[in-house]
Amino acid sequence: MYRPALKDLDAVIAISRRGSFRAAALDLDMSTTALSHAIGKLEAELGVRLFNRTTRSVSLTDAGRLFVEQVSPALQDIHSAVDTAKSQQATPSGTLRINAFATAARDIAPLVLAFLNRYPQVHIDLVTEGRLVDIVADGFDIGVRVADLVPSDMISVSLGRRQRYAVVGSPAYIKKHGKPRVPTDLLNMPCIRVRLPNGVLFRWQFEKGSQTAQIDVAGQVTLDETGIARAAVLEGIGLGFFMEQDVRDDIKAKRLVRVLEDWTPPFAGLCLYYPSRRNPSAALKAFIAMAREHAKSSNENGES
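Quick caveat: nothing in here was measured; it's all calculated off a predicted structure.

(A) Structural view of the environment of tyrosine 273. Examined against the element boundaries, tyrosine 273 turns out to sit in strand 14 (residues 270-275). It is 11 Å that separates the C-alpha atoms of tyrosine 273 and aspartate 134, two residues lying 139 residues apart in sequence.

(B) The sheet that holds strand 13 (residues 257-259), seen in detail. Spatial ordering of the open sheet is given by 12-7-13, a layout of 3 strands whose pairing is antiparallel. Whereas interior strands pair on both sides, the edge strands pair on one side only; in this sheet they are strand 12 (240-243) and strand 13. For this sheet, the mean angle separating the axes of adjacent strands, direction not counted, is 45 degrees. With 4 bridges joining them, strand 7 (residues 165-169) and strand 12 adopt antiparallel strand pairing. For valine 168, the partnering residue across the bridge sits in strand 12 and is glycine 240. Strand contacts of helix 7 (residues 226-234): strand 7 and strand 12, with the helix running at about 135 degrees to strand 12, the strand carrying the most contacts.

(C) Structural detail: the confidence of the model for the chain. The predicted model of the chain has a mean per-residue pLDDT of 88, with 94% of residues at 70 or higher. Strand 13 holds the highest mean pLDDT among the elements of the chain, 97, whereas helix 4 (residues 62-90) holds the lowest, 80.

(D) Molecular detail of the pattern of salt bridges. For the structure on display, the rule yields 16 salt bridges. The salt bridge involving aspartate 27 is made with arginine 18; its shortest N-O contact spans 3.0 Å. Since its relative accessible area comes to 40%, aspartate 27 is described here as partly exposed. The closest approach of N and O atoms between arginine 258 and glutamate 244, which form a salt bridge, is 2.7 Å. Note that arginine 258 is positioned in strand 13 and glutamate 244 in helix 8 (residues 244-252), a separation of 14 residues in sequence. In this structure, a network of salt bridges that share partners links the residues Arg164, Glu244, Arg248, Arg258 and Glu261.

(E) Structural detail: the sheet that holds strand 6 (residues 154-158). Pairing in this open sheet of 5 strands is mixed, and the strands run 4-3-5-14-6 from one edge to the other. Of all the strands in the sheet, just strand 4 (122-128) and strand 6 have a single pairing partner and so form its edges. The average undirected angle you get between the axes of adjacent strands in this sheet is 25 degrees. Across the face of the sheet, helix 5 (residues 102-118) comes into contact with strand 3 (94-100), strand 4, strand 5 (142-146) and strand 14 while running at roughly 175 degrees to strand 4.

(F) Quick peek at the nonpolar core. Grouped together as the largest cluster of nonpolar side chains are 27 residues, with contacts concentrated most on Leu96, Phe115, Ile124, Val144, Leu159, Leu272 and Phe287. Those elements that place two or more of their residues in this core are strand 3, helix 5, strand 4, strand 5, strand 14 and helix 9 (282-300). The leading source of residues in this core is helix 9, at 7 residues. Excluding its chain neighbours within four sequence positions, the residues that come into contact with phenylalanine 287 are Leu96, Ile98, Leu111, Val112, Phe115, Ile124, Ile142 and Leu272.

(G) Quick peek at a nonpolar patch on the surface. Nonpolar side chains collect at one region of the surface, where Leu6, Ile78 and Val82 lie side by side and expose about 210 Å² of accessible area between them. As for its placement among the helices and strands, isoleucine 78 is situated in helix 4.

(H) Region of the structure containing the layout of surface pockets. Taken as a whole, the largest pocket holds about 1400 Å³ of empty space. Lining the largest pocket are 43 residues; nearest its centre among them are Phe101, Tyr165, Leu196, Phe202 and Met243. Elements with a minimum of two residues in the lining of the largest pocket: helix 5, strand 5, strand 8 (192-194), strand 9 (204-208), helix 7 and strand 12. Sort the elements by how many residues they give to the lining of the largest pocket and strand 12 lands first, with 4 residues. Among the residues forming the lining of the largest pocket, the class breakdown is 23 nonpolar, 10 polar and 10 charged.

(I) Layout of empty space enclosed by the protein. Overall, the coordinates contain 1 cavity of 30 Å³ or more when judged by the stated rule. By volume, the largest cavity is sized at about 30 Å³. In terms of lining residues, the largest cavity is bounded by Asp107, Ile108, Leu111, Leu159, Arg161 and His294. In terms of residues, the lining of the largest cavity owes the most to one element, helix 5, which gives 3 residues. Considered class by class, the residues forming the lining of the largest cavity number 3 nonpolar, 1 polar and 2 charged.

Rules used throughout
Residues numbered from 1 in each chain as written. Predicted model: local features only at pLDDT ≥ 70, side-chain atom pairs only at ≥ 80, totals over all residues. Heavy atoms only, no water. Helix = DSSP H or I, 4+ residues; strand = E, 2+ residues; numbered from the N terminus. Pairing = 2+ DSSP bridges. Axes fitted to C-alpha atoms, helices over the stretch in contact; angles between N-to-C directions. Contact = heavy atoms within 4.5 Å. pLDDT = per-residue confidence, 0-100. Salt bridge = Lys/Arg side-chain N within 4 Å of Asp/Glu carboxyl O. Buried < 20%, exposed > 50% of the residue type's maximum accessible area, 1.4 Å probe, protein only. Core = buried A, V, L, I, M, F, W, Y, C linked by side-chain atoms within 4.5 Å. Patch = residues over 30% accessible without salt bridge, like charges linked within 9 Å, V, L, I, M, F, W, Y side chains within 5 Å. Areas by Shrake-Rupley, 256 points an atom, 1.4 Å probe, with all protein chains shown as cover. 1 Å grid on protein atoms, 1.4 Å probe; cavity = no way out; pocket = protein on both sides within 12 Å on 5 of 7 lines; lining within 4 Å. Points joined across faces, edges and corners; volume = space filled by probe spheres on them. Nonpolar A, V, L, I, M, F, W, Y, C, P; charged D, E, K, R; others polar.

Laid out in structure tokens, this is it:
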């Protein structure tokens, strides 16, 4: 089935508007001969003459007039869509969809807010969830995870901040059960068990110098949501294992007591990642550039 090229439809509109092959050819930056040939081919494929032509004038036939009336609005919509797409390559605009787990979302919040202030034409749709999703299949532009969880086929950008775990308990819990001195002490102490998004129970990970340990703790409750786990720890149900930033304020306010701190050294931090794709939108390029600025500033200021 014959489908005319967009440039052929543009040629018909240009000739009908200018009333001249020569003037239309100049508008379209092509030769009069090439334009005449294109229209002749289009008319042959359609099986109908669109223009009446003499050596002195050009006018639309009835079929040509109907063709232009029907094609012109659609052609304007197509060009408008093309212009809109191109504008997103020049000026950051449109929507950026970001997927992150809850802790990472809180960590990048200052970056997101600064970006929105700098680029008011961009809308950010930030989705938080524990499971590791395929950002391409699920329609996201960017993912945010710890470095070890970034898929190998993605381009990653370090956000500059190293992460750290924290083991904490309420003052009442510590008074009742005491403080663990080494990770193996946890085997005999009530803890909040953590279930990962894939259903596997998380083993608490520790490191001190050349020593490492993974402890399968026990306790009355198994949870997969940080906020509920924190509430359980505050109630003295057990010790909890968190990202440091999730309980930093509680430790500072002495609502929670940190233990085994010498067994939880910093590790590779968060990464922003995205698929390798040609012609990324201006919004995506701007966000990546700003993330690099943010990471550089964090490193220079010695943030951890």
